[in-house]
Every structure is written in structure tokens, then in C-alpha cells.
Amino acid sequence: MHIHGLIEDSAALANICARFANKPYICVDTEFMRENSYWPELCLIQIADDEEAAAIDPMGGIDMQPLLDLLVNNENVLKVFHAGGQDIEIVYNLTGKTPHPLFDSQVAAMALGQGEQIGYSNLVDTYLGISVDKGARFTDWARRPLDKRQIDYAICDVTYLSEIFPKMLEKLKRTGRGQWLDQEMERLADPENYRTDPDQAWQRVRISSRKPEVLGRLKALARWRELEAQGKDLPRGRIIKDETLADLAGNPPRKQADLGRVRGLSAAWAGNDIGGRLMDALAHAEPMSTEEMPSRDDRKPALGKDGALVADLLKLLLKIRAKEINVAARLLARSEDLEALAAGQREGLSILQGWRYEQFGRDAVELVEGQLGFTVRNGKLKMTRTEAAE
């Protein structure tokens, strides 16, 4: 494989993207910093196919459009990531689109029974027998210049992946599990997963109250904080911490001067501009509408004692089935789906659709309805049809 030097020139990037545009797949990874900012700061992009690889420096004024077009507008090239959620988020922030079509090797590994969240170094070791050098793992990627060791470390993330992907693809075809991943990959590529809506920001803040007026204030405050963080490009917690936001929603100050006595805020908030904007957000807060109110059971189905026992049986069934077919249990079903099924829900559950229904959901329903049970044979737990089902 030909490894290019660090690409810092627009013409060089356009040339390599023109070649990649005619390939069946490319492997993509990014290096970024987000500890001190709201938006992740893109510091490096690595890209490879089976013949060449390069690291691209986006911080020196290079024209990134050819690469962005390749990632989001070229439907003929499959984009391969490993645990690509944050990489995809960065592309979305730059373009308003997500890479498509895409393949995530971490999700594929779940379908192949290689763990629920296998790390990249473990994936490389499993498929290639290579131990990844983690020496540059905690690099400050925003600092320039980058040395050769840092660039080599970054490029390995895509050169190894370009060798692993065909092996995974072949194994998926051989086991007939490739179609299992179609829905997962489309879900991962859904732009709605990466869109930040300030009006929904309140949902990330933990609060015990279920009073409409309190939640209405929380929604207004969370929206205000989101916009402040975006505008200043600072982490949300640098503006105001979650617990302080919840406290203000539950115990709103009567006037701005009272902010100086709020735990988590400095005395300056009693008279500064940001304190004034916070008070303005509170002044315009309205009680949360009935449609938006969260359920009192924290969105968990009303199981009751018997339902909780049924959910436990479903989790046991999940472990048995996942082991039988050698797939990560998390890919088959989530705990919330099992609890919903135990509570009587039958609509809108992923385990009752497609391949999940065939591999697990059908038996899960039969277990809930008393048509399937557990038995011990030769010291091993097995599933058995009940007499009523027969």
C-alpha cells in the first residue's frame, strides 16, 4: 500500500479524492478535540482504500470540498468506519449530511459474535494478529506541527481497517448475516441522530420534578444554555452545569440579583449580561404542554412485579439465543424492548420486525404467551414447547 505524506495542499487532496471516487469502498477516520469546545474541532482526517492511504490536515486552509463531496454525495462508494458515531457527527456538522452508504466494523463485529463494543485494537488483533501501538493515543491533535509518529499512528486506523473490512464482508456473506446490518447502518446514517435541537436539550438534564411549570422552565433554560454554548463554542458545562440548571428550574430566582447566591454560579451573574439573558429565558418560560410531558415512569413500561419477572425471563432467553447463534445480545434486543414486550406492548418494537423477529422475537412472544418454557437437560438450560403450544 502506498502511504502519502501529510496532505496540506488543495490540489493534492482533489487528486486523491478523484481516485477514491471510483473505488468500491474507502475507510475513514478522524482525529479531533472537543474538551474545550461545543463543536468538535476537526484536526485530521485519514482515508484509505486497498491501494493507498493518506492523512489530511484540515487546519491549514485547505479546500475540503472534494473530500466532503466524496463522503456525502457519492452513493457509489461505501464509507467504512469503526465506531463511527463521532466521525459521522463531524461530517454532519460540516455539511448538514451524513456519509452514505456506510459500514461500521464495530456493529458488524456484533453480528459476528465478537463482542458488543469491540475496540479497534482488539479488532486489529483478532483479524490481523497485530498489536496496535497506542503511544500517540492522547495526542493534542490541534497542535502543529504533527510529527511522523503521530501521523503514522493516525493512518494505521484506516490502513488496518482496509485489510479487515474485506475479511469481515466475506464472513458476513458466508454466514448470511450481511442483511442483518442493513437496518443498523441506515439508522447510523440517519441525519436526525446528529441534529442538535435546542428545544429538546432539556431531555439530557436529570430532574426529579414532573410539574409542568418546572419542566417548562427547564426547557427554556436548557434551550438558552444550548444557544449560549453554540454561540461561544464552549461545552455546555462551561456555561452552567446540569445540576445548577435543574435547581434554577425548580427554584427560580425572583430577580437577577438573586443569581449571585445560587450555588454553581459566581457572584458576577447578579449583574452581568449572561445573567440577564438567563433571567429573560425564565421570564418567557411556559408550562410544558401535555404532549411533551415525560411519563412518570421514566419512559419504562408499567411492568409490576409479575411483569418484571417476565422481563427477567426474556433476558434469560436473550442470553441463550445470543449464545446459540453467536451474536452480541445487544444487537438482538435492548432491555427496554424486553420490558415493553413483558408489559404487553406489541407495536413498534424492533424485536418484532425483520431478522430480529426470526432469530429472537418470535420465541420471545411465545415465551410471554406461555407457549415456550425453560427446561434443564444434562445440566444445560434449554427451551421447550409447552403442552398447550403443542
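To be clear, the structure that these remarks concern was listed above.
For the structure given in this document, a descriptive report is provided here. (Residues numbered from 1 in each chain as written. Predicted model: local features only at pLDDT ≥ 70, side-chain atom pairs only at ≥ 80, totals over all residues. Heavy atoms only, no water.)

Relative to the helices and strands, Asp104 is located in strand 6 (residues 102–104). Within the buried core, Asp104 has no salt-bridge partner, and the shortest N-O distance to an opposite charge, that of Arg187, equals 8.0 Å. In terms of polar contacts, Asp104 uses its side chain to reach the backbone amide nitrogen of Gly84, at 2.8 Å. With near-sequence residues (within four places) excluded, Asp104 lies in contact with Phe81, His82, Ala83, Gly84, Met185 and Leu188. (Helix = DSSP H or I, 4+ residues; strand = E, 2+ residues; numbered from the N terminus. Buried < 20%, exposed > 50% of the residue type's maximum accessible area, 1.4 Å probe, protein only. Lys, Arg positive; Asp, Glu negative; His and termini not counted. Salt bridge = Lys/Arg side-chain N within 4 Å of Asp/Glu carboxyl O. Polar contact = N/O pair within 3.5 Å; in protein donor to acceptor, adjacent residues only side chain to side chain. Contact = heavy atoms within 4.5 Å.)

All right, on to the pairing of strand 8 (residues 380–385) then. As judged from the six bridges shared by strand 7 (residues 372–377) and strand 8, these two strands associate in the antiparallel manner. Bridged to Val376 within strand 8 is Leu381. Count of turn residues in the strand 7/strand 8 antiparallel hairpin: two residues, of which Asn378 carries a positive phi of about 55°. (Pairing = 2+ DSSP bridges.)

On to the nonpolar core. Residues Leu13, Ile56, Leu67 and Phe360 are the most contacted members of the largest nonpolar core, which totals 96 residues. Looking at this core element by element, the count peaks at eleven residues for helix 6 (residues 148–175). Those residues in contact with Leu67, other than ones at most four positions away along the chain, are Leu13, Cys17, Ile45, Ile47 and Ile56. Counting 28 residues, the second-largest nonpolar core is a separate cluster that includes Val205, Leu215, Leu245 and Met279. (Core = buried A, V, L, I, M, F, W, Y, C linked by side-chain atoms within 4.5 Å.)

Geometric descriptors of this kind do not, in isolation, establish any biological role.
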